[in-house]
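Structural features, examined
In case you want the letters, here they are:
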Amino acid sequence: MASFSSNEWKAVCAKFTNAQQLSDVESRTDPENDPFRSKYKARELLTEIYCSLKNFEAGDGEEHDDGETSEPEPTEEPLDGEKPVDLDAFSRGWSSDSRAGLRAARLAAVEYYLGVNHVDTEELSAGQEHLMNCMKHLGKCRVSSENVSLFIHVRNQLGILWAGRDETEKSQGFLETAESIYQRYMKENGSPPTDMTEYFCSEENQLTHQERTKKFELAYTHTLYYLAQVYQYFGENERAANYCYSTLQRQLQLNQFNPMEWALNAATLSQYYITKGQYMEGRHCLAAATVISGLAGEVPSEAAAQESEAERDRREQLKQKRSEIARCWIKYCLNLLRDAKKLLEDNIGELDTDRQDELRRARRREEEEEGRKQALLFGSEDTFDSIASVEEKVSYLFPLDFTEARAIFLVGQNYVNQAKEHFQMDGFVTDHIEILQDHSALFRALAFFEEDVERRCKMHKRRVDMLEPICNDLNSQYYLLIRRQLMFELAETYNEMMDLKLTLANRQEDSQSLDNHTIKKFNHLCSASAKYFQMFLDSLCSPEGKIPEHLEEDVLRPALVARFRVARLHSKLISSSPPVQLDNLNKALENYKYVVQYCEAHPEAAAAAETELELSKEMVGLLPLKINRLKARMATNN
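Residues numbered from 1 in each chain as written. Predicted model: local features only at pLDDT ≥ 70, side-chain atom pairs only at ≥ 80, totals over all residues. Heavy atoms only, no water.

Describing the overall build of the protein
Counting its regular elements, the protein contains 22 helices and 0 strands. A compact globule built from 638 residues should have a C-alpha radius of gyration of about 26 Å, whereas the protein, at 34 Å, is more than 25% larger. Referenced to the eigenvectors of the C-alpha coordinate spread, the extents of the protein come out at roughly 120 × 55 × 55 Å. Relative to its 638 residues, the protein shows a buried fraction of 47%. (Helix = DSSP H or I, 4+ residues; strand = E, 2+ residues; numbered from the N terminus. Rg over C-alpha atoms; globule rule 2.2 N^0.38 Å. Buried < 20%, exposed > 50% of the residue type's maximum accessible area, 1.4 Å probe, protein only.)

Quick notes on the UniProt feature "coiled-coil region" (unreviewed entry) in the protein
Here the UniProt-annotated "coiled-coil region" (unreviewed entry) positions come out as residues 301–354. Segment residues 301–354 splits into 81% helix and 0% strand. End C-alpha atoms: 54 Å apart. (UniProt positions renumbered as here; feature names shortened; annotations may be inferred.)

A few points about the state of the cysteines
Counted according to the given criterion, the structure contains 0 disulfides. Take C51: it sits in no disulfide, and the sulfur closest to it among the cysteines is that of C13, at 17 Å. As a non-bridged cysteine, C201 has C13 as the owner of its nearest cysteine sulfur, 6.9 Å distant. Residue C201 is classed as buried on the basis of its relative accessible area of 14%. (Disulfide = S-S within 2.5 Å.)

Quick look at the pattern of salt bridges
Scanning all chains against the criterion turns up 27 salt bridges. Note that R444 and E496 form a salt bridge whose closest N and O atoms lie 3.1 Å from each other. You can see R444 sitting in helix α16 (residues 429–449) and its partner E496 sitting in helix α18 (residues 476–506), a full 52 residues away along the chain. Residues E612 and R557 are paired through a salt bridge, measuring 3.4 Å at the closest nitrogen-oxygen approach. With E612 in helix α22 (residues 610–637) and R557 in helix α20 (residues 553–572), this residue pair connects regions lying 55 residues apart in the sequence. (Salt bridge = Lys/Arg side-chain N within 4 Å of Asp/Glu carboxyl O.)

Thoughts on the packing of α20 against helix α21 (residues 578–601)
For the pair α20 and α21, the least separation of the axes is 7 Å and the interaxial angle reads 155°. Here α21 runs roughly antiparallel to α20, going by the angle between their axes. Seen from above, α20 lies across α21 with left-handed handedness. Touching L556, L560, R563, F564, V566, A567, R568, H570 and S571 of α20 are N584, K587, A588, N591, Y592, Y594, V595, Y598 and C599, all from α21. (Axes fitted to C-alpha atoms, helices over the stretch in contact; angles between N-to-C directions. Parallel < 35°, antiparallel > 145°, perpendicular 65-115°, else oblique. Left-handed = near helix turned anticlockwise from the far one by under 90°. Contact = heavy atoms within 4.5 Å.)

Let's talk about helix α3 (residues 99–120)
Between the first and last C-alpha of α3 there are 32 Å, a value that for 22 residues agrees with the 32 Å anticipated at 1.5 Å per step. A large share of α3 lies buried, amounting to 18 of its 22 residues. Looking at the residues trailing α3, positive phi occurs at E122, about 70°. (Expected span 1.5 Å × (residues − 1).)

Side note on the environment of Y243
Among the secondary structure elements, Y243 is positioned in helix α8 (residues 237–254). In this structure the C-alpha to C-alpha distance between Y243 and F398, which are 155 residues apart in sequence, comes to 28 Å. Leaving out residues up to four positions away in the same chain, Y243 has contacts with E179, L224, L227, A228 and Y231.

Dropping the structure here:
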């Protein structure tokens, strides 16, 4: 074997260093019309190194520790990505400090780099072939501190390659094998392992133990990162979340992360915990995201952005990503309010005071028992206090009264304003409207906790004021689905306001005692709600205005509910004119009949609106009697 001090070996090491420089540094500035120029040059050097290794070492034999030159049987490797790692891989095969073991490791390393090179240049089949050749060389060696890093790196790359081909099960096999190798190595050895780059550098340029550890741990962090995506693909959300958390925490510990990318990943992870009702963990993820995003620095000024394209791009990136984190905060506040409402409401949707007292007692007991321990803990000595400071600004506990709910609402509203700074109507129509819808939902959730009916009405009026202009200005040709959402929400909002006015009216002795102003207001709310429900129904018709014979599944329940509500609203309108009363009752009956007849013609639709169907059947039986009585009274008066 050529010695480390020989000129020939120095030439090999120089070529390897040059290949690394071309791949990692110079490739970033390759021209657009020749994007892989540096990669191709690096490939030529790696191929020369591979040939040199073969020539240098072919005459040395493949010697075992005991002096034997016969080639061992490869350990049973999971070449298809589906078998678990063979436990004998740690005890069977060439020793890494034997000539044969070192030769196999070096050849495997070059095959690995050639594989990565071909994948980078989008030649996936050739890349796969080189990576599998790397696996075959390693299959002759036992796992040790000299080669364990390469064992893991090659499986990470194969995991990425197969995932990119939508062969996720194969990807999972390689990545789980890499995980098993890391775990067993750390259990049985744990010393800082040799990095693959050290196969081709002089002794004085070997990495320190600290550098080796950092590179090795970073490789395993990548394993966890890719496994998180695999488990998410398979719907194993809890497992995916755990792996994502481990990845993020390790990136912080290793100080190997892009602040904005890390922050967005943490904010995204928060959404999983929020959907599971784990608001302490969700808040912690968001607080960490807020703090770490701050490490990316200040947003460049508009003046600086106009002078430099790089500053303009940075300004847009920072504004967008911080606005996306703000939107995750909005979801946190909104879901916390909504889940609290579900806990506190009675069977008619009002606040259950007995349940409220019960939850207050439960909270006091938990506080006396020192509360629940946090399952997650991000950060380092530099960031712990900052993260805790952000957490203290918003509770993770379910609000039990208006004061607590309002505190959460105000935090959510603050993030609404932050998000809208970037996601403006001009350029971000869909995002802007989604933020407005979340703002409206925050008001709706807060209104549940408000005891004063008039103040509740004002909150719903705020919702109307923010959504109605947008709904009326949007072009249905381009934003039909969004308009439908807004029509339905506006109809429901006016309907809620009408119900609140009805509550106030019911406190009077009878409708006759209502003054004209109150009746006018009540009728306005009824008519506005009916108008938007009807606009929604009209949007389902053909261009010729024909009502669809069959409602698609995504609009089935909304359409039946809209018909039912239109019927109910017409029957609620107050008028002293018998002809107007008759017209309103006939319109109500017509819409109740539609719900019944549609469900009779399409039996499968009944399950989508069981309550509305049952009440519609009842009203179809009762309203004709009421109509006939009114007609008789009108005939008598005439």
